[in-house]
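# Tertiary structure, described
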Amino acid sequence: MVKSLFDEKSEEELWAEFKKTKSSTLRDAFIRQYMPLVKYVAGKVFTGMPSTVEFEDLVSFGQFGLLDAINKFDPDKNVKFKTYAVTRIRGAIFDELRQLDWVPRSIRQKSREIEDTIGSLEAKLGRTATDSEIAKEMGLSEAEFQQTVMKVSGTSVLSLNDVWYSGDDSDRMSIGDSIEAPSSLNPDVIVERDEIQRVIMEAINELPEKEKLVIALYYHEDLTFKEIGQVLDVSESRISQLHTKANLRLRAKLTNIRKGII
């Protein structure tokens, strides 16, 4: 059935038809067509996860994200469905992992401590804090700080899908979400979402160059940590560490900005 549908019409035509009809037959066809994408994203997330996390569970979580992406995708935005769906699939996996609360309390507390330290320090300095400054503020040597980040990185599920929330509806506001057409929202909310997108992009641009590059390659070029390590000629664990630091910095920056707005 899937093959015949995609043979008879172009994917663009099928999306246009689905947008009008919300046909369950077309929905099922898209689900089967893009299940390999769910497994690909689940595989990326699975890398570095503790042994208590099962790959098949991540695939199951990701299916919810795929269904959400299919139902909300707007072909008129001239964005490839794959690009749009990856954000939704990854976000659904992270959401379910958080609900399972599998991260050890000690690691979660340490992650929060680093984030709070970055937030308060950068608010005071008015610029991006260096690793040595963060370490000193936490009462650690720089080597101890790097070891702490490595411990956190193995269980971090922080994602760019989760950096802000809109007060008007239940959807997250993220860089990925910003490509979704907000046609159902009133003009005031559209302006608010545009402003949030601007703030997120500014926060990313303020990251140290290596961390910013890792974010771009991971979220936008869809490379794995291993592939990014090959590009930058460093170890996979080093990329994981840079990714974690970038995400902790982003959350701290956005928390500070949000406090200023509210």
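Heads up: these notes are all about the structure in this document. As the structure is a prediction and not an experimental result, all values here were calculated from the model. (Residues numbered from 1 in each chain as written. Predicted model: local features only at pLDDT ≥ 70, side-chain atom pairs only at ≥ 80, totals over all residues. Heavy atoms only, no water.)

All right, on to the overall build of the protein chain then. Looking only at helices and strands, the protein chain has 12 helices and 2 strands in total. Its helices and strands taken in sequence order, the protein chain reads α-α-α-α-α-α-α-α-β-β-α-α-α-α from the N to the C terminus. A total of 262 residues make up the protein chain; the buried ones form 45% of that total. For the protein chain, the proportion of contacts with a sequence separation of at least 24, taken over those separated by at least 6, is 66%. (Helix = DSSP H or I, 4+ residues; strand = E, 2+ residues; numbered from the N terminus. Buried < 20%, exposed > 50% of the residue type's maximum accessible area, 1.4 Å probe, protein only. Contact = heavy atoms within 4.5 Å.)

Within an α-helix, residues lying three or four positions from one another point in the same direction, as the helix has 3.6 residues per turn. For helix α11 (residues 225-232), every residue scored as buried is listed here: Phe225, Ile228 and Gly229. In a view along the axis of α11, the buried residues occupy a sector of 105°, so they form one face of it. For α11, exposure combined with an orientation more than 90 degrees from the buried face picks out Lys226, Gln230 and Val231. The first or second residue beyond α11 is Asp233, which carries a positive phi of 60°. (Arc of directions from axis to C-beta.)

Moving on: the pattern of salt bridges. Taken as a whole and judged by the stated rule, the model has 15 salt bridges. A salt bridge links Lys110 to Glu113, with the shortest nitrogen-to-oxygen separation between them at 3.2 Å. Here the residue Lys110 and the residue Glu113 both occupy positions in helix α6 (residues 105-125), the gap between them amounting to 3 residues, near one helical turn. Judged by its relative accessible area of 32%, Glu113 falls in the partly exposed class. Glu209 is paired through a salt bridge with Lys212; the nearest N and O atoms lie 3.2 Å apart. In this pair, Glu209 and Lys212 both sit in helix α10 (residues 209-220), 3 residues apart, roughly one turn of the helix. Taking relative accessible area as the criterion, Glu209 reaches 59% and is therefore assigned exposed. It is possible to trace a salt-bridge network through shared partners that takes in Glu122, Asp131, Glu206, Glu211, Lys245, Arg249 and Lys253. (Salt bridge = Lys/Arg side-chain N within 4 Å of Asp/Glu carboxyl O.)

A few words on the packing of aromatic side chains. Tallying each qualifying case throughout the model produces 10 aromatic pairs. Where Trp15 meets Phe73, the ring centres are 4.8 Å apart and the plane angle is 65°; that geometry is what we call edge-to-face. One end of the pair, Trp15, is in helix α2 (residues 11-21); the other, Phe73, is in the loop between α4 (55-72) and α5 (81-100), with 58 residues separating them in the sequence. Note on accessibility: Trp15 and Phe73 belong to one class, buried. Centre to centre, the rings of Phe73 and Tyr84 are 5.7 Å apart; their planes meet at 45°, and the pair counts as tilted. Taken as a pair, Phe73 in the loop between α4 and α5 and Tyr84 in helix α5 lie far apart in primary sequence, 11 residues in all. Residue Phe73 is classed as buried on the basis of its relative accessible area, which comes to 10%. Following the ring pairs from residue to residue traces out a cluster consisting of Trp15, Phe18, Phe30, Tyr34, Phe73, Phe81 and Tyr84. If you follow Lys44 out to its NZ or CZ, it ends over the ring of Tyr218, 4.2 Å from the centre. (Phe/Tyr/Trp six-rings, centres within 6.5 Å; stacked < 30°, edge-to-face > 60°. Lys NZ or Arg CZ within 6 Å of the ring centre and 35° of its normal.)

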